[in-house]
Amino acid sequence: MVDIGVDQQEGFKFLAQYALRDDTWEGPWSGFNEEGFCIANSLSYNYSGAEYASMNNDILDMALRYCKNTSDFEALIDGLEKPVDVRANFAVIDAQGNAAFYEVGPNGYTKYDVNDPQTAPEGFLIRTNYSLAGDQDRKVGEDRKIVAERFASEAIMSNQLNGRYIIQNMPRYLIHSNGTVLYDVAPATWNDETPTDFDGYIPRYSSTNAMLIQGVKAGESPLLTTCWSITGPPVATVALPLFLTPNNMLPEKAMNGWLSEKGQALKAIIFPYQENTTKVIDLSKLYNREETGIMQRILGIEAEIMERGSNLIADARLSGSVSEESLTDFYSWLDNYIEGEYKSNFDDMVSGVSPSFSSETRHSEWWDLSGIKQFNRQSFKGVIIGKQRKYLKY
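Residues numbered from 1 in each chain as written. Predicted model: local features only at pLDDT ≥ 70, side-chain atom pairs only at ≥ 80, totals over all residues. Heavy atoms only, no water.

A. Local environment of empty space enclosed by the protein. For the coordinates displayed, the defined rule picks out one cavity of 30 Å³ or more. For the largest cavity, the calculated volume is near 30 Å³. Lining the largest cavity are Pro203, Arg204, Ser207, Pro233, Pro234 and Val235. (1 Å grid on protein atoms, 1.4 Å probe; cavity = no way out; pocket = protein on both sides within 12 Å on 5 of 7 lines; lining within 4 Å. Points joined across faces, edges and corners; volume = space filled by probe spheres on them.)

Laid out in structure tokens, this is it:
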């Protein structure tokens, strides 16, 4: 299931992603805190001993609780007793205009500053599951890095490299590093079953979540930091804008697991051959020329969310804060809108379809966006709002 929540137990209040696997919460993977400090990480496989990277998530957790800026994060890494079980690429931005990748290994880190024109001549940096400072004979994820760099370059050329465009398109980008463009070979209709290799694209069978954190400009309140969150498979789940607020307001549909359940059921339609392989899709169900594919419908539903969410953010920037009244109205509309649109677009598809989850595969992840992992859930899922825990059986 997917829950959304915030944590204020110790240190700064923050919102972050966690994964639920076999009744155990793993993470956090990415998030941001009330000081405008934002962080995400990917496991780096080309440092020796990557399978022992037990501290990756603990470092991210400490960073969210105690760091205000990149200098604080560097002090945190420097202060760890070496060697430490960490092998990760940490992406960090703060409310002071700093942005960097930190490739962190057992004995220290290499920093790549996005504001350095020699390091990032085009104004952006991208990492997948390997580090430039690691073993260059093992580049797991290089194909996806090549595609992501192509996406970013195209977005810059067309003046579209902004948060809204990235979260809508990058996690769903249907172009491969070998030049295959699935948009160009889309079948005519929903009924034209088309088994298609789906290995090496940015979206994968194991893609269970996407998050884009939109930081603030110099002088703006850190509480204007916006998280565009897809709480389910990106090809089958809409993005929602989330904020840290004094009363921890969040949308119901993302908070109670509803979106995740729908997304997982729709993913089962896109990946109908998973008993034999999770690297083959029925392309007609994802994307087709009559524009009835699941991803196409998701983008259609999401367009209105993006428009209203972007207007909400623009108004907040003008006034200096996200007002409780405007956010209450927005989330109320959002919950009703999502429920109605999913019902009209997908109810006939998912009738009788149950997502399959095996405890023996890492692809059976549920994502959580709460900053709490310190209690024994066993047969419960939970979300914390401030210091109040709510439990729901599943």
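B. Just the environment of leucine 250, in detail. Summarising the element assignment, leucine 250 is placed in the loop between β12 (240-242) and α5 (252-255). A relative accessible area of 10% places leucine 250 in the buried class. Separated by 82 residues in sequence, leucine 250 and serine 332 have C-alpha atoms that sit 9.9 Å apart. (Helix = DSSP H or I, 4+ residues; strand = E, 2+ residues; numbered from the N terminus. Buried < 20%, exposed > 50% of the residue type's maximum accessible area, 1.4 Å probe, protein only.)

C. Layout of the sheet that holds strand β11 (residues 226-230). Taken in spatial order, the three strands of this open sheet run β10-β11-β12, and their pairing is antiparallel. With one partner strand each, in any of the chains shown, β10 (210-214) and β12 form the two edges of the open sheet. Shown here is a sheet whose adjacent strand axes are inclined to one another by a mean of 25 degrees, direction ignored. In terms of strand pairing, β10 meets β11 through five bridges, oriented antiparallel. Note on β11: the bridge partner recorded for methionine 211 is serine 229. Of the strands in this sheet, β10, β11 and β12 are in contact with helix α8 (residues 294-319), which crosses β11 at around 165 degrees. (Pairing = 2+ DSSP bridges. Axes fitted to C-alpha atoms, helices over the stretch in contact; angles between N-to-C directions. Contact = heavy atoms within 4.5 Å.)

D. Looking closely at the sheet that holds strand β4 (residues 30-33). As summarised here, the arrangement of the six strands in space is β1-β4-β5-β6-β7-β8, forming an open sheet in which the pairing is antiparallel. On the outer flanks of this sheet lie β1 (14-16) and β8 (108-113), each paired with one strand and no other. Strand after strand, the sheet turns through a mean of 20 degrees between neighbouring axes, direction not considered. For β1 and β4, the ladder comprises three bridges, and the chain directions are antiparallel. Looking across to β4, one finds that alanine 16 is bridged to glycine 31. Sitting on the sheet, helix α1 (residues 56-66) touches β1, β4, β5 (38-43) and β6 (88-93), and the angle it makes with β5 is about 175 degrees.

E. Geometry of the packing of aromatic side chains. One pass over the full model with this rule turns up 15 aromatic pairs. For the pair tyrosine 102 and tyrosine 109, a centre-to-centre distance of 5.5 Å together with 70 degrees between the ring planes defines the contact as edge-to-face. Between phenylalanine 330 and tyrosine 331 the ring centres are 5.8 Å apart and the planes differ by 50 degrees, which places this aromatic pair in the tilted class. When its relative accessible area of 3% is taken as the criterion, tyrosine 331 is described as buried. Put simply, the rings of Phe37, Phe73, Phe90, Tyr102 and Tyr109 pair up and form one aromatic cluster. Seen from the ring of phenylalanine 101, arginine 127 lies directly overhead, with NZ or CZ sitting 5.3 Å from the centre. Positioned above the aromatic ring of tryptophan 190, the side-chain terminus of lysine 285 is 5.3 Å from the ring centre. (Phe/Tyr/Trp six-rings, centres within 6.5 Å; stacked < 30°, edge-to-face > 60°. Lys NZ or Arg CZ within 6 Å of the ring centre and 35° of its normal.)

F. Broad picture of the pattern of salt bridges. This structure, assessed with the given rule, holds 15 salt bridges. Note that arginine 87 is salt-bridged to aspartate 85, the shortest N-O span being 3.9 Å. Note on arginine 87: relative accessible area 7%, which makes it buried. A salt bridge links aspartate 199 to lysine 279; the shortest N-O distance between them is 3.9 Å. (Salt bridge = Lys/Arg side-chain N within 4 Å of Asp/Glu carboxyl O.)

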